[in-house]
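Listed below, chain by chain, are the residues.
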Amino acid sequence: MTDSVADLAEMITQKLLANPKVPRDINGNSRIVEDLAFDSLAVMNFVMEIEDTLDVSVPLDKLADIRTINDLAACLHDIKAQ
Amino acid sequence: MTKLFEKHAALKAAYDSLNKLSPRNPFGVVIDRPLSASVGLIEGRETLLFGTNNYLGLSQSTKAQEAAIETVRTMGVGTTGSRIANGTFSLHQKLEQKLAEVFQRRHAMVFSTGYQANLGTISALVNKDDTLFLDADSHASIYDGAKLSGAQIIRFRHNDPADLDRRLTRAKDTPGAKLVIVEGIYSMTGNVAPLNEFVEIKKRHNVALMVDEAHSFGVLGENGRGVAEMQNCEKDIDFIVGTFSKSLGTVGGYCVTDYDEVDLMRLCSRPYMFTASLPPEIMAATLSALDEIRTRPHLRQQLQLNAARLHSGFKELGLPTGESVSPVVAVTLEDVPTAITFWNMLLEAGVYVNLSLPPATPDNRPLLRCSVMAAHSYGQIEQALEAFGDIARKLNVIS
């Protein structure tokens, strides 16, 4: 797999769908808090899982601007590019 | 004007639904007055206190009370100023010297609350060019201090030195200072940190380590200095932060260290500089309580026995609790409605514990959090266990 934003968004989506509580109709534009009903702690813990998969660390302040799955994918793409 | 509160609509909805489930507001319990360290008057009933953090019972210490009364008579009730203006009394310096002596460190800095001790220490040590590594289950005061500092914040998995090691390795080329922050005992679950393992990681990466011993000071270690003393790694910890409002029974916070630069912290730590200093009677009571911790080691021994009994009692009942035996003993439940009903029934049975709800809890599950005291009698602990068992069976939490 490449590390394009689209690939990262797909990887995140698949990881989210592994959780049976997550709605089945999500896509890159789904809002993590509003559409997936994640609270701030759940978001931070989910991002930890992604960090381990990609071997990166996401500073907490970066999460403040993330609304959608695509936002998270773009953020991870930037961090990996650094 | 109403727009101010629009952003809290989700909070209001959550609070309203909580109130529908609960005959009383779990965040509004009033202790009319303590009758002793372990019994208080709540809703007109004598109630066993199993949720107060008053581990050694010293909030009701006669010696501390006398010290406070005498000091009020001679020094008044407040300082009316910050430590860097008119708010430093000789008692502040005496308390700092005493804390440094107790911890066998060169320096101590006293704050007006434990919350401010974390805010003031973290924000004085790191800034936007630095990186903080926080245990994921860190207390809100650590997260808030991290935010105030402006540093980059990296979370690592709770009590997981290997995960910290991986994250420090990833950040090895990041410029700026690096500070790792963990707690001795975690306030929600009672989990004890493997500080000796964190020390090894810190040394390997040549970074600084700060430990919050708020819930472990006075409780663990041969002399009650906390988890670091118990695990024989005190000297490798750069900064120890704590509070007076747990085992010492008063209010306030501190940071102890061997770094001589601590006096610079007094000039750049906003939560230290821009708030009124501790009033004299609180410092007198705290000094007295520090003496009691030193001269009454049997309080610590009794506390350990009591904690072990409550912990094993929950295990015997089949109630899910943590593996660490510490004075914080929490029962984890699967859903919020059961936890709320359970907590209300406990209070009606005369047992007060803390109801801790997500997202303030690990794993998104609610907790019935108990804090054990040296002052609890064997009979009081058995009474609490009996209440837990009866209610758990009624609610089908256990069979």
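Just so we're clear, the structure is a prediction, and the values are computed from it rather than from any experiment.

Conventions we followed
- Residues numbered from 1 in each chain as written.
- Chains lettered and ligands numbered in written order.
- Predicted model: local features only at pLDDT ≥ 70, side-chain atom pairs only at ≥ 80, totals over all residues.
- Heavy atoms only, no water.
- Helix = DSSP H or I, 4+ residues; strand = E, 2+ residues; numbered from the N terminus.
- Rg over C-alpha atoms; globule rule 2.2 N^0.38 Å.
- Buried < 20%, exposed > 50% of the residue type's maximum accessible area, 1.4 Å probe, protein only.
- Areas by Shrake-Rupley, 256 points an atom, 1.4 Å probe, with all protein chains shown as cover.
- Lys, Arg positive; Asp, Glu negative; His and termini not counted.
- Charge placed at Lys NZ, Arg CZ, Asp CG, Glu CD.
- Pairing = 2+ DSSP bridges.
- Contact = heavy atoms within 4.5 Å.
- Buried area = accessible area lost by both parts, 1.4 Å probe.
- Salt bridge = Lys/Arg side-chain N within 4 Å of Asp/Glu carboxyl O.
- Polar contact = N/O pair within 3.5 Å; in protein donor to acceptor, adjacent residues only side chain to side chain.
- Axes fitted to C-alpha atoms, helices over the stretch in contact; angles between N-to-C directions.
- Left-handed = near helix turned anticlockwise from the far one by under 90°.
- Nonpolar A, V, L, I, M, F, W, Y, C, P; charged D, E, K, R; others polar.
- UniProt positions renumbered as here; feature names shortened; annotations may be inferred.
- Disulfide = S-S within 2.5 Å.
- Core = buried A, V, L, I, M, F, W, Y, C linked by side-chain atoms within 4.5 Å.
- Domains from an automatic or database assignment.

Right, let's get into the overall build of chain B. Across its full length, chain B carries 15 helices and 14 strands. Scaling as 2.2 N^0.38, a compact globule of 399 residues should have a C-alpha radius of gyration of about 21 Å, and chain B matches this with 21 Å. By residue count, 56% of the 399 residues in chain B fall in the buried class. Element-wise, carbon and sulfur atoms account for 53% of the exposed surface of chain B, whose accessible area totals about 17100 Å². Across chain B, the 40 positively charged side chains and the 44 negatively charged ones have centroids separated by 3 Å.

Here we take up the pairing of strand β9 (residues 239-243) of chain B. Residues and elements named next belong to chain B. Of all the 5 residues making up β9, 5 are buried; the element is thus mostly covered by neighbouring parts of the structure. Direction of pairing for strand β8 (residues 208-212) relative to β9: parallel, over a ladder of 3 bridges. Counted as the bridge partner of M210 is F239 from β9. Bridging between β9 and strand β10 (residues 253-257) involves 5 bridges; their strand directions are antiparallel. Residue pairing for β10: T243 is matched across the bridge by G253.

A few words on the sheet that holds strand β1 (residues 33-34) of chain B. All names here are of chain B. Spatial ordering of the open sheet is given by β1-β2-β3-β12, a layout of 4 strands whose pairing is mixed. The open sheet has two edge strands, β1 and β12 (351-352), and neither has a second partner. In the sheet, β1 pairs with strand β2 (residues 39-42) via 2 bridges, with the strands oriented antiparallel. Bridge pairing in β2 links R33 to L41.

This part covers the interface of chain A and chain B. The interface is formed by 15 residues belonging to chain A together with 14 residues belonging to chain B. Buried area between chain A and chain B, both sides added, is near 1400 Å², and the carbon and sulfur share of it is 47%. Inspection of the chain A/chain B interface yields 5 salt bridges. Taking the shortest distance from any N to any O, the salt bridge between A:D55 and B:R170 comes out at 2.7 Å. For the pair chain A and chain B, the interface holds 9 residue pairs in polar contact (both at pLDDT 80 or more). If you list the elements that add at least two residues to the side of chain A that touches chain B, you get α2 (40-54) and α3 (60-63) of chain A. Residue contributions to the side of chain A that touches chain B peak at 7 residues, all from α2(A).

A few words on the sheet that holds β8(B). Residues and elements named next belong to chain B. Pairing in this open sheet of 7 strands is mixed, and the strands run β4-β10-β9-β8-β7-β5-β6 from one edge to the other. Unpaired on one side and paired on the other, β4 (107-111) and β6 (152-156) mark the two borders of the sheet. Ignoring strand direction, the axes of neighbouring strands in this sheet form an average angle of 20°. The pairing of strand β5 (residues 131-135) with β6 spans 5 bridges and is classified as parallel. Across the sheet, residue L132 finds its bridge partner in β6, namely I153. In the packing of helix α5 (residues 114-125) onto the sheet, contacts are made with β4, β5, β7 (178-183), β8, β9 and β10, and the angle to β9 comes to roughly 155°.

A separate point is the packing of α2(A) against helix α7 (residues 161-170) of chain B. α7(B) packs onto α2(A) with a crossing angle of 65° between their chain directions and a minimal axis gap of 12 Å. When the axes of α2(A) and α7(B) are compared, the crossing they make is left-handed. Here A:M48, A:E51 and A:D52 of α2(A) come into contact with α7(B), specifically with B:D163, B:R167 and B:R170. Residue classes in the contact of α2(A) with α7(B) are distributed as 1 nonpolar, no polar and 5 charged.

A word on the UniProt feature "domain: Aminotransferase class I/classII large" (unreviewed entry) in chain B. Mapped onto this numbering, the UniProt entry annotates "domain: Aminotransferase class I/classII large" (unreviewed entry) at residues 47-388 of chain B. Counted over residues 47-388 of chain B, helix gives 43% and strand 16%. Its end C-alpha atoms are 14 Å apart.

Here the focus is the environment of B:P362. All names here are of chain B. Here P362 is to be found in the loop between β13 (354-356) and β14 (367-371). P362 gets classed as buried once you look at its relative accessible area, which sits at 18%. Taking the C-alpha atoms as reference points, P362 and T189, separated by 173 residues in sequence, lie 8.2 Å from one another.

Residue and element names in this part refer to chain B. The full count for this structure, using the stated rule, is 0 disulfides over all chains. Of the cysteine sulfurs around C255, a residue in no disulfide, the closest is that of C268, at 12 Å. For C268, a relative accessible area of 40% translates into the label partly exposed.

Membership of the largest hydrophobic core comes to 88 residues, with the highest contact counts inside it found for B:L99, B:L368 and B:F388. It is helix α15 (residues 378-394) of chain B that contributes the most residues to this core, 7 residues altogether. When residues of this core are assigned to domains, at least three map to each of domain 1 (17-59 + 297-395) and domain 2 (79-278) of chain B. Apart from the residues within four sequence positions on either side, B:L99 is in contact with B:A108, B:V110, B:F244, B:Y254, B:V256 and B:L290. In terms of nonpolar packing, the next biggest core, distinct from the first, is built from 52 residues, A:V58, B:A117, B:L179 and B:A208 among them.

Moving on: the domain arrangement of chain B. Residue and element names in this part refer to chain B. Splitting chain B by domain gives domain 1 (17-59 + 297-395) and domain 2 (79-278). On a C-alpha basis, the centroid separation for the pair domain 1 and domain 2 is 28 Å. Taken together, the contact between domain 1 and domain 2 spans 19 residues of the former and 22 residues of the latter. The interface formed by domain 1 and domain 2 holds 0 salt bridges in total. The interface formed by domain 1 and domain 2 holds 6 residue pairs in polar contact (both at pLDDT 80 or more) in total. Looking at the side of domain 1 that touches domain 2, the elements with two or more residues in it are α13 (297-317), β11 (328-332) and β14. Sort the elements by how many residues they give to the side of domain 1 that touches domain 2 and α13 lands first, with 3 residues.

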